[in-house]
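In case you want the letters, here they are:
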Amino acid sequence: GAGVSQTPSNKVTEKGKYVELRCDPISGHTALYWYRQSLGQGPEFLIYFQGTGAADDSGLPNDRFFAVRPEGSVSTLKIQRTERGDSAVYLCASTGGAGAGDEQFFGPGTRLTVL
Amino acid sequence: TQLLEQSPQFLSIQEGENLTVYCNSSSVFSSLQWYRQEPGEGPVLLVTVVTGGEVKKLKRLTFQFGDARKDSSLHITAAQPGDTGLYLCAGALPRGKLQFGAGTQVVVTP
């Protein structure tokens, strides 16, 4: 079956603009995670969904960042008033469970560049 | 915050040589995972180690989890150009969250 897909693959925007990043998880996966990977770093946790609800949003850097998953499948990460420091690759991962050590399947990421 | 430090940051070797990368933490993790990431792609899971002292082998890759479950190593025997990539270790946190290290970039030249 299809893996995790993310769109767009690349997004260039200007400082102050609003952007939406989309994640399509593997069908049937109930847990969905968003990570941010800056250049030369490992992925950094942002938010975790179990079904439709955000079970843990402790990694969101500030209130400009928001994510939804209204039907428990597709998720959208929304960034308001983008700043140059938001430039990074945004990765989405899904898994059938949410136990520690469960395999997470990652999408290819969206590379966001804020000019 | 539980931090994972990976070393070295960068490793360039010739095909056929061996290499070892390290992942160290001051905290105990219930399990630790190793991923490989290639440019333009997301990380792909290689292995999960759970038990202190555990050793797992995946073809030419050997993974060890320290007795105290604070550190891990990845050893590659007779490296091939296809082993080139960013190797990431990640410690398991509650609710399935992962704490990643910064990664080791491995380049294997023919």
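Keep in mind it's a predicted model, so treat the numbers as computed, not measured.

**Let's talk about the overall build of chain A**
Logical step 1: When helices and strands are counted, chain A shows 0 helices and 11 strands.
Logical step 2: Going residue by residue from the N terminus, the α and β elements of chain A occur as β-β-β-β-β-β-β-β-β-β-β.
Logical step 3: Taken against the 2.2 N^0.38 rule, which gives 13 Å for 115 residues, the C-alpha radius of gyration of chain A at 13 Å falls within 12% of a compact globule.
Logical step 4: Seen through its C-alpha atoms, chain A measures out along the principal axes to roughly 35 × 25 × 25 Å.
Logical step 5: Per-residue burial over chain A gives 45% buried out of 115 residues.
Logical step 6: Across chain A, the fraction of contacts at a sequence separation of at least 24, relative to all contacts at a separation of at least 6, is 54%.
Logical step 7: Averaging the locations of the 11 positively and 12 negatively charged side chains of chain A gives two centres separated by 9 Å.

**Description of the interface of chain A and chain B**
Logical step 1: Counting from both sides, the interface comprises 23 residues of chain A and, opposite them, 22 residues of chain B.
Logical step 2: A combined buried area of about 1,600 Å² lies between chain A and chain B, and 53% of that area is made up of carbon and sulfur atoms.
Logical step 3: Viewed at the interface, chain B and chain A are joined by 1 salt bridge.
Logical step 4: Here Lys 97 of chain B ties to Asp 56 of chain A by a salt bridge, and the two come within 2.8 Å at their closest N and O atoms.
Logical step 5: Between chain A and chain B we count 7 residue pairs in polar contact (both at pLDDT 80 or more) in total.
Logical step 6: Residue assignment for the side of chain A that touches chain B shows that the elements contributing at least two residues are strand E4 (31-37), strand E5 (44-50) and strand E6 (53-56) of chain A.
Logical step 7: Counting residues per element, the side of chain A that touches chain B draws most heavily on E4 of chain A, at 3 residues.

Conventions we followed
- Residues numbered from 1 in each chain as written.
- Chains lettered and ligands numbered in written order.
- Predicted model: local features only at pLDDT ≥ 70, side-chain atom pairs only at ≥ 80, totals over all residues.
- Heavy atoms only, no water.
- Helix = DSSP H or I, 4+ residues; strand = E, 2+ residues; numbered from the N terminus.
- Rg over C-alpha atoms; globule rule 2.2 N^0.38 Å.
- Buried < 20%, exposed > 50% of the residue type's maximum accessible area, 1.4 Å probe, protein only.
- Contact = heavy atoms within 4.5 Å.
- Lys, Arg positive; Asp, Glu negative; His and termini not counted.
- Charge placed at Lys NZ, Arg CZ, Asp CG, Glu CD.
- Buried area = accessible area lost by both parts, 1.4 Å probe.
- Salt bridge = Lys/Arg side-chain N within 4 Å of Asp/Glu carboxyl O.
- Polar contact = N/O pair within 3.5 Å; in protein donor to acceptor, adjacent residues only side chain to side chain.

From the geometry alone we can't say anything about function, so treat these as descriptive.
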